[in-house]
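Results of the structural survey
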Amino acid sequence: MNLVENHVHYVFSNNPELTSQCKSDEACPYRVNLKNLTNLNVLSNDTKCWGFEKNCEAKNRFGGESPTVDCDNEASAQRYWNQADFGYLRNKMDELEDGIICDSPTDSFLHCTKHASMCRARHLYLDMRRARVQNRESIKLDNGGFGGFCDLNVEKRNQETEIKRSLSTWGEAVSDYTQLNFNPWSDTNKYCDVIVDKPVVFVQLDFGGNMYHHFCDFFNLYLTQMANNSWFGTDVQVIRWDMSYRYGEMFHDAWDAFTSHNHISLREYSDKRVCFNDATFAFLPRMILGLFYNTPVELNCRGSSLFRAFAEHFLHRMGITRPALPIKPANIKITLMNRGANTRYKVYRRVLNLDELVNAIRNIPGLDIQDKMSFKEQLSVTHNSDIFIGMHGAGLTHFLFLPPWAVAFELYNCGDVRCYRDLPRLRGVRYMTWEEPSKIKAFDKYEHEHYGSHEKFWNFEFDVTEFVRLVKQAKSMVLEHDRFSHLRRDEL
């Protein structure tokens, strides 16, 4: 299972089938109390809950009764819980319960959330001989090419698939779902060229060359696993719902957190009839009012136990650790991310006087600037940073993996105020950005052929004195945490 130790009892409490298997298997390592959970029998404690389960009391939630801070009032905190925490998943589970598109008590079923942003299926049948490739390698399955042996509610199917938008809904795919007049599982030799017994997760993937957009995929894949009874096993096949030959990405290592198999596309099953025993259509990276991408969050609230659970789970699966508390750190560690350069195209939003800024804060203990690191090395640096500084850009997705006392410093937001302000807020860390536009110099304006009028396509120099002031402010914020009580003093 390879679980974060303080997640174990929540996983078993949420998954009775898994609990039963572990109790009957002498090799299951969770039959005995874990070293840090000596007063808790993880296989018999059924009161712990993530927060999205029915009848989950606030005192038993992951993160406790009040995982959110800084909200203006209780009503604001409740809205935030429903927007960006386990309350969001609770609402989706209610939609799934009501979204019965096709059902049979003993055979196939297809249940979907509102707008078909996520679906579950059993005994799913795909006849890839009927697949027609459409724009951007998406597919259309003719009548009878996609369905199950169950009672189809056509009105419900049409209602939930009215919106058909790539990366946002499964409307295009689910609108093809039909009620079969034969049961493929009654005679798999006759009806199935391929039988897939292991759990399958169908995905539509965002741009894999951009950390922010690709982590929209990974976060929502985690959310999907959470919705599936907290089943975090890795013997699962991820299948891209397209006919592409390959998918270009820069963060392939991240898949290790979710599956032990390479993801494939439907092209692998070309011209075959495929029978899937257990399939899930994952929450999508750009869902309507979804999580991560353009999540609408209540102003001023900070801290989501769902995002905390994701960050802890992902870092654990990546093997990223930091020295155990309560070791007293000798100093505060600052990491400054450099956007660098690319030989194939010009990189914008560069800090042109970066060396000058770095030299100005050299006296801050523990300043650490590293480059040419692998993705896992980057994660390790981030997770062991107390202040993380960087220009607006996808690399600031690293804010999600900062420790809870850290400060996320977006050097300049280039007019896109919410994007990298909200990510650290969701993670629960404090955020700051440049405060004085008059103390920035812009260069290369209007140079870009198409977008030269937008600040994201300019380069900048920053006032050194103002930068030092803001770094000192960030340090003061970090020093407020008890971890650094021994370092508190009036001067930097």
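Residues numbered from 1 in each chain as written. Predicted model: local features only at pLDDT ≥ 70, side-chain atom pairs only at ≥ 80, totals over all residues. Heavy atoms only, no water.

As annotated in an unreviewed UniProt entry, the protein carries the name EGF domain-specific O-linked N-acetylglucosamine transferase and is attributed to Ciona savignyi. One UniProt comment on the protein, placed under Sequence similarities (unreviewed entry), says "Belongs to the glycosyltransferase 61 family." UniProt's Function (unreviewed entry) comment on the protein is quoted here verbatim: "Catalyzes the transfer of a single N-acetylglucosamine from UDP-GlcNAc to a serine or threonine residue in extracellular proteins resulting in their modification with a beta-linked N-acetylglucosamine (O-GlcNAc). Specifically glycosylates the Thr residue located between the fifth and sixth conserved cysteines of folded EGF-like domains." (UniProt positions renumbered as here; feature names shortened; annotations may be inferred.)

Glancing now at empty space enclosed by the protein. The tally for this structure, following the rule as stated, stands at 3 cavities of 30 Å³ or more. Contributing to the lining of the largest cavity are 13 residues, with Val203, Gln204, Leu205, Asp217 and Phe283 lying nearest its centre. Top element by residues in the lining of the largest cavity is helix H8 (residues 211-227). It accounts for 5 residues. Residues of the lining of the largest cavity, tallied by class, amount to 10 nonpolar, 2 polar and 1 charged. Considering only enclosed or pocket space, the second largest cavity measures out at about 40 Å³ in volume. Lining the second largest cavity, in full, are Leu336, Met337, Asn338, Arg339, Arg349, Arg350, Val351, Leu354 and Met391. Partitioning the lining of the second largest cavity into residue classes produces 5 nonpolar, 1 polar and 3 charged. (1 Å grid on protein atoms, 1.4 Å probe; cavity = no way out; pocket = protein on both sides within 12 Å on 5 of 7 lines; lining within 4 Å. Points joined across faces, edges and corners; volume = space filled by probe spheres on them. Helix = DSSP H or I, 4+ residues; strand = E, 2+ residues; numbered from the N terminus. Nonpolar A, V, L, I, M, F, W, Y, C, P; charged D, E, K, R; others polar.)

Residues Phe202, Trp241, Phe276 and Phe314 are the most contacted members of the largest nonpolar core, which totals 110 residues. In contact with Phe202, other than residues within four places in its own chain, are Leu124, Trp170, Ile239, Trp241, Leu266, Phe276, Ala279, Thr280, Phe281 and Ala282. By size, the runner-up hydrophobic cluster in this structure holds 34 residues, among which are Val407, Met432, Trp434 and Ile440. (Core = buried A, V, L, I, M, F, W, Y, C linked by side-chain atoms within 4.5 Å. Buried < 20%, exposed > 50% of the residue type's maximum accessible area, 1.4 Å probe, protein only. Contact = heavy atoms within 4.5 Å.)

Turning to the packing of helix H4 (residues 86-98) against H8, a few remarks are in order. For the pair H4 and H8, interaxial distance at closest approach is 11 Å and the crossing angle is 60°. Taken as axis vectors, H4 and H8 run oblique relative to one another. The hand of the H4/H8 crossing is right-handed. Across from Phe86, Tyr88, Leu89 and Met93 in H4, the residues of H8 making contact are Leu223, Met226 and Ala227. Looking at side-chain class alone, the contact of H4 with H8 contains 7 nonpolar, no polar and no charged residues. (Axes fitted to C-alpha atoms, helices over the stretch in contact; angles between N-to-C directions. Parallel < 35°, antiparallel > 145°, perpendicular 65-115°, else oblique. Left-handed = near helix turned anticlockwise from the far one by under 90°.)

Bringing helix H12 (residues 419-427) into the picture now. Among the 9 residues of H12, 8 are classified as buried, and the element is accordingly described as predominantly covered. Those residues of H12 lying buried are Cys419, Tyr420, Asp422, Leu423, Pro424, Arg425, Leu426 and Arg427. Buried residues in H12 make contact with helix H3 (74-84), H8, helix H9 (305-317), strand E17 (407-410) and strand E18 (430-433). Just downstream of H12 lies Gly428, where phi reads positive at about 100°.

Turning to the environment of Asp107, a few remarks are in order. By secondary structure assignment, the location of Asp107 is in the loop between strand E1 (100-103) and strand E2 (109-112). Assessed through its relative accessible area of 9%, Asp107 is described here as buried. Sequence separation between Asp107 and Cys150 is 43 residues, and the spatial gap between their C-alpha atoms is 6.9 Å. Not counting the four nearest positions on each side in its chain, Asp107 is found in contact with Arg122, His123, Phe149, Asn183 and Trp185.

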